[in-house]
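Residue-level structure breakdown
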Amino acid sequence: MDFEKLTIKAQEAVQRAQQLALEQQHQAIECSHLLKGIFEVDEHVLPYILKKLTLNAAHIQAALDQMVQQYPKVSGETESYLSREAGNALNKAQSALKEFGDSYVALEHLLLGVFRTSNEVSRMLKDAGMNEKELVEAIKELRKGSRVHSKSAEESYHALDKYAVHLNERAE
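Residues numbered from 1 in each chain as written. Predicted model: local features only at pLDDT ≥ 70, side-chain atom pairs only at ≥ 80, totals over all residues. Heavy atoms only, no water.

A separate point is the pattern of salt bridges. Following the criterion strictly, the structure yields 10 salt bridges and no others. In this structure, D102 engages R143 in a salt bridge whose closest nitrogen and oxygen atoms are separated by 2.6 Å. In this pair, D102 sits in the loop between α5 (84-100) and α6 (107-116) while R143 sits in helix α8 (residues 132-143), placing the two residues 41 residues apart along the sequence. Summarising the burial analysis for this pair, D102 and R143 share the class buried. (Salt bridge = Lys/Arg side-chain N within 4 Å of Asp/Glu carboxyl O. Helix = DSSP H or I, 4+ residues; strand = E, 2+ residues; numbered from the N terminus. Buried < 20%, exposed > 50% of the residue type's maximum accessible area, 1.4 Å probe, protein only.)

Structure below.
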């Protein structure tokens, strides 16, 4: 996968996944590291999607933490590498570009890629109640018809919520 085809936030998520693996002394970067990386680098995209799907973010994070703790540790200086499943997830994320008419892989593509693989993280998300149809709908609602044609596309999602006070919501 071409790293330049990822948005800035997606690059940060992959880099954070690599850091998590190194901090935990894991040689392979797994899908759980990727999803934890997404959680840690952005406080808008994944929480919005999980809330839209009525999924408990804290429960999912706890399950991810448990998965990460179970991976084997290696000692000494080692190079980390993408596991087969994590590589598969990135490939599926890149394949989702055509589906959405995008130019760059964003955080939501990474989430979709992880979800579409057959691994323990995908099973955990499905067990929590996530399904592909609702996930795609939540992504479309998050974007409100916009496409990812820049490396900073995630910054435009719900910009009003980030930088202004929504008076109608305050009135309720």
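In the structure shown here, the tally under the stated rule is 0 aromatic pairs. Residue placement shows K5 over the ring face of Y104; its charged tip is 5.5 Å from the ring centre. In this structure, K126 is placed above the aromatic ring of F115, and the distance from its NZ or CZ to the ring centre is 5.2 Å. (Phe/Tyr/Trp six-rings, centres within 6.5 Å; stacked < 30°, edge-to-face > 60°. Lys NZ or Arg CZ within 6 Å of the ring centre and 35° of its normal.)

At their nearest, the axes of helix α2 (residues 31-41) and α6 sit 10 Å apart, and the two run at 155° to each other. Viewed along their axes, α2 and α6 adopt a mutual orientation that is roughly antiparallel. Relative to α6, the crossing made by α2 is left-handed. Here C31, L34, L35, I38 and V41 of α2 lie close against α6, whose contacting residues are L107, L110, L111 and V114. Residue composition of the contact of α2 with α6, by class: 9 nonpolar, no polar and no charged. (Axes fitted to C-alpha atoms, helices over the stretch in contact; angles between N-to-C directions. Parallel < 35°, antiparallel > 145°, perpendicular 65-115°, else oblique. Left-handed = near helix turned anticlockwise from the far one by under 90°. Contact = heavy atoms within 4.5 Å. Nonpolar A, V, L, I, M, F, W, Y, C, P; charged D, E, K, R; others polar.)

In an α-helix, one turn spans 3.6 residues; hence positions three or four apart end up facing the same way. Compared with the 24 Å implied by 1.5 Å per residue over 17 residues, the 25 Å span of α5 between its first and last C-alpha is a close match. Among all positions of α5, only E85, A86, G87, A89, L90, A93, A96, L97 and F100 are buried. A positive phi of about 70° marks G101, the residue just after α5. (Expected span 1.5 Å × (residues − 1).)

Turning our attention to the side chain of Q11. With respect to the helices and strands, Q11 occurs in helix α1 (residues 8-23). Judged by relative accessible area, Q11 falls into the buried class, the value being 15%. Side-chain polar atoms of Q11 contact the backbone oxygen of L6, separated by 3.3 Å. With near-sequence residues (within four places) excluded, Q11 lies in contact with F3, E4, L6 and K151. (Polar contact = N/O pair within 3.5 Å; in protein donor to acceptor, adjacent residues only side chain to side chain.)

Moving on, we get to the nonpolar core. Ranked by internal contacts, the top residues of the largest apolar core, which has 49 residues, are L35, I49, L110, V121, L125 and L135. For this core, the elements supplying multiple residues, two or more each, are α1, α2, α3 (45-52), α4 (57-70), α5, α6, α7 (120-128) and α8. In terms of residue count, the dominant contributor to this core is α5 (7 residues). Apart from the residues lying within four places of it in its own chain, the contact partners of I49 are E108, L111, L135, A138, I139 and L142. (Core = buried A, V, L, I, M, F, W, Y, C linked by side-chain atoms within 4.5 Å.)

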